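If you want the building blocks of each chain, they are given just below.
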Amino acid sequence: MFLTVKDLKKSYGSGSTKVEVLKEINFEVMKGEICVLLGPSGSGKSTLLNIIGGIDDADSGYVSINNEKTNAMITISTYKSTIIIDLSLPISSPVKCIA
């Protein structure tokens, strides 16, 4: 599997102001697939991409590229995938992968 996201969780704030942005996100993308990430404003699309890209850290879970967890990598810039974000479409699932 090219990209694996497993049990990814991310929240902001604490106590009564805690907002869970990503709740146990799971998906896999095979090399060459086109992946579409859909969702309304504030649903966690940018947060998910920031975690996949290594810009932000998840609270739990992991991302792996070519079976190597990204937190163990020095750089992920040599890996390529296609992710398309189209906010004009209705959300039916947070992630769609098309072969």
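Remember, predicted model here, so these are calculated numbers, not experimental data. Residue numbers restart at each chain and count upward from 1, following the sequence in its written direction. Local features in a predicted model are, by the rule used here, given only for residues with pLDDT of at least 70; side-chain atom pairs are given and counted only at 80 or more, and totals for whole chains, interfaces and linings are based on all residues. Heavy atoms throughout the structure, all of them, feed into the side-chain values; hydrogens and water do not.

Let's talk about the side chain of Ser64
Here comes step 1: The secondary structure listing takes helices from DSSP runs of H or I that are at least 4 residues long and strands from runs of E that are at least 2 residues long, numbered from the N terminus. Structurally, Ser64 is set in strand β4 (residues 60–65).
Here comes step 2: With a relative accessible area of 6%, Ser64 lands in the buried category.
Here comes step 3: Should any heavy atoms of two residues lie within 4.5 Å, those residues are considered in contact. Setting aside residues up to four positions removed in sequence, Ser64 forms contacts with Phe2, Leu3, Thr4, Lys69 and Thr70. Only protein chains enter the area calculation, which uses a 1.4 Å probe; residues under 20% of their type maximum are buried, those over 50% are exposed, and those in between are partly exposed.

Some words on the pairing of strand β2 (residues 19–29)
Here comes step 1: Pairing between strands is defined by DSSP: at least two bridges between the two strands are required. Relative to β2, strand β1 (residues 3–12) runs antiparallel, the two sharing seven bridges. Residue pairing in the sheet places Val5 in a bridge with Phe27 of β2.
Here comes step 2: Connecting the antiparallel pair β1 and β2 is a turn made up of six residues, with Gly13 showing a positive phi of about 80 degrees.

Let's talk about the pairing of β1
Here comes step 1: Summarising the sheet, β1 and β4 pair through five bridges and their orientation is antiparallel. When the sheet's bridge partners are listed, Val5 is paired in β4 with Val63.

Things to note about the sheet that holds strand β5 (residues 68–69)
Here comes step 1: Spatial ordering of the open sheet is given by β2-β1-β4-β5, a layout of four strands whose pairing is antiparallel. Pairing within the sheet leaves two strands with one partner each, and these edge strands are β2 and β5.
Here comes step 2: Here β4 runs beside β5; their pairing, made up of two bridges, is antiparallel. The residue of β5 that forms the bridge with Ser64 is Lys69.

Here we look at the pattern of salt bridges
Here comes step 1: We count a salt bridge whenever a side-chain nitrogen from Lys or Arg sits within 4 Å of a carboxyl oxygen from Asp or Glu. Tallying each qualifying case throughout the model produces two salt bridges.
Here comes step 2: Among the salt bridges present, the one from Lys9 reaches Glu24, with a minimum N-O distance of 3.5 Å. Note that Lys9 is positioned in strand β1 and Glu24 in strand β2, a separation of 15 residues in sequence.
Here comes step 3: Lys9 gets classed as partly exposed once you look at its relative accessible area, which sits at 34%.
Here comes step 4: In this structure, Lys10 engages Asp56 in a salt bridge whose closest nitrogen and oxygen atoms are separated by 3.5 Å. Placement of the pair is Lys10 in strand β1 and Asp56 in the loop between α1 (45–52) and β4, with a sequence separation of 46 residues.
Here comes step 5: A residue is classified by how much of its surface remains accessible, and Asp56, at 24% relative accessible area, is partly exposed.

Digging into the confidence of the model for the protein
Here comes step 1: Looking at the protein, the pLDDT average stands at 77 and 71% of residues meet or exceed 70.
Here comes step 2: A score from 0 to 100, pLDDT tells how confident the predictor is in each residue. Residue range residues 72–79 is modelled with pLDDT below 50. Its contacts to residues more than four positions away, or to other chains, number 12 contacts.
Here comes step 3: pLDDT under 50 marks residues 84–93. Its contacts with residues more than four places away, or in other chains, come to 17 contacts.

Quick look at the nonpolar core
Here comes step 1: Of all hydrophobic cores here, the largest spans 16 residues; its most connected members are Leu3, Leu8 and Phe27.
Here comes step 2: Residue assignment for this core shows that the elements contributing at least two residues are β1, β2, β3 (34–37), α1 and β4.
Here comes step 3: If one sorts the elements of this core by residue count, β2 sits on top with five residues. Here, the term nonpolar core denotes a set of buried Ala, Val, Leu, Ile, Met, Phe, Trp, Tyr and Cys residues that are joined through side-chain atoms within 4.5 Å.

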